[in-house]
Amino acid sequence: MNELAASTVAAVREPILAVRGLAVSYPIFGAEPVRALRDLSLDVQPGEIVGIVGESGSGKTTLARAIMGLLARPGRIDSGSIRFDGRDMLALDEESLRAVRGKDIAMVIPNPRGELDPLIPVGRQISRIARAHLDISRGESDRLALGMLRAVQIPDPKRRFHAYPHELSGGMAQRVVMAIALVCSPKFIISDDATSGLDVTVQAQVLELLRKLVRERGMAMIFITRDVGITAHFCDRVAIIYSGEIVEEAPTDRFFENPAHPYSVLLLSAFAHNPRLREKWQRPPTVPVAGSGSACRYAPRCVHAQSDCGERHPALRLLEPAHLVRCHYPVERPS
């Protein structure tokens, strides 16, 4: 089964987001381009929350920005397609993309201080987004913004409506960014490591609130994180990404019961805070990966690597129903 077919095995409805064979690179003067995404395919169903997990530099944010049409220069999409709600996102001009962003797709980023305008009260910023996309009066947009401040559980929302970003705590600023993302009731949310800068207690509160609001509004979401443990209680499905490729994808309960890719097990061992387990599942890189792409990208770090892992690139294949893995020698379930 090829990757395109395998990536759609779990689909039972028309996906709201369908990414097919997406390849993204960043040209470098005098050197080979950095390939950030490599033939990546992913479906997200309406109302589904999919966790995208991987270390820094694995391609998670590049995927998010490619979907939004916001790739940082000099990044470029070399091949593939992105369809959202039946529309070809790569065929839309900038004006059409702006109409989709905010109204149909919204993004929550990890740095609310950088997202919010320091010179405009936060309530007015929420209101402006609503007016821009919903064609409503200022009074209506202000009422909608105030309602969103209540929905994200900002204390004393009427007073905070007129507050400036520097007057808010980190947790409250993140809730305001969530309110901006949700105010137009988009069909699709991308959360890009949105709680990584918060302390553990506030992070848990914000995550639970985000999940509650997304579920109540029937939205779909991609939840990007470096912390695989968060996905256990938050996501319907988990996709592990390494070096621009999805190496494992499965329903959340099945993934945690039976992780099949050695990299997935390494991530879980790091989450378990068990030094002996981490030592068992990692090794220092030993053999450089062939530039031709013929080798497994994870082979130099893999404790399961065999001689042919440096010669044959593994395809994403069906391990069991709805469980995909990109590995010649997947981890076996304990007997």
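All values derive from a computational prediction rather than experimental measurement.

(A) Structural context of the pairing of strand β2 (residues 31–44). Bridge analysis of strand β1 (residues 17–28) against β2 gives eight bridges, and the strand direction is antiparallel. Paired with Ile28 across the strands is Ala31, a residue of β2. If you look at the hairpin formed by β1 and β2, you'll find two residues sitting between the two strands, and Gly30 has a positive phi there, around 75°.

(B) Quick peek at the packing of helix α5 (residues 122–134) against helix α8 (residues 170–182). Between α5 and α8, whose axes approach to 8 Å, the crossing angle comes to 15°. Classified by the angle between their axes, α5 and α8 sit roughly parallel to one another. Along this stretch, α5 crosses α8, giving a crossing that reads as right-handed. Contact with α5, carried on its side by Val122, Gln125, Ile126 and Ile129, involves Val176, Ala179 and Ile180 of α8 and no other residues of that element. Residue classes in the contact of α5 with α8 are distributed as six nonpolar, one polar and no charged.

(C) Fine view of the sheet that holds β2. Taken in spatial order, the four strands of this open sheet run β2-β1-β4-β5, and their pairing is antiparallel. Only two strands of the sheet have a single neighbouring strand rather than two, namely β2 and β5 (87–88).

(D) Spatial organisation of the sheet that holds strand β3 (residues 49–53). Taken in spatial order, the eight strands make up an open sheet running β6-β7-β8-β3-β9-β10-β12-β11, and their pairing is mixed. At either end of the open sheet lies a strand with only one pairing partner, and these are β6 (105–108) and β11 (317–320). Each adjacent strand pair in this sheet contributes to an overall mean axis angle of 20°, direction not counted. Relative to strand β9 (residues 237–242), β3 runs parallel, the two being bridged by four bridges. By the bridge assignment for β9, Gly51 is matched with Val238. Contacting β3, β9 and β10 (245–251), helix α12 (residues 262–271) runs over the sheet at an angle of about 105° to β9.

(E) Quick look at α5. Taking 1.5 Å of rise per residue, 13 residues should cover 18 Å, and α5 covers 18 Å from first to last C-alpha, within 8% of that figure. Residues of α5 that are buried: Val122, Gly123, Arg124, Gln125, Ile126, Ser127 and Ala130. In this structure, the buried residues of α5 make contact with α6 (138–151), α7 (157–160) and α8. At the exit of α5 stands Asp135, carrying a positive phi of roughly 55°.

(F) Focus on the side chain of Arg175. Looking at the element boundaries, Arg175 is found in helix α8. Arg175 gets classed as buried once you look at its relative accessible area, which sits at 10%. Among the polar contacts made by the side chain of Arg175, one reaches the main-chain carbonyl oxygen of Val152 at a distance of 3.0 Å.

Calculation notes
Residues numbered from 1 in each chain as written. Predicted model: local features only at pLDDT ≥ 70, side-chain atom pairs only at ≥ 80, totals over all residues. Heavy atoms only, no water. Pairing = 2+ DSSP bridges. Helix = DSSP H or I, 4+ residues; strand = E, 2+ residues; numbered from the N terminus. Axes fitted to C-alpha atoms, helices over the stretch in contact; angles between N-to-C directions. Parallel < 35°, antiparallel > 145°, perpendicular 65-115°, else oblique. Left-handed = near helix turned anticlockwise from the far one by under 90°. Contact = heavy atoms within 4.5 Å. Nonpolar A, V, L, I, M, F, W, Y, C, P; charged D, E, K, R; others polar. Expected span 1.5 Å × (residues − 1). Buried < 20%, exposed > 50% of the residue type's maximum accessible area, 1.4 Å probe, protein only. Polar contact = N/O pair within 3.5 Å; in protein donor to acceptor, adjacent residues only side chain to side chain.

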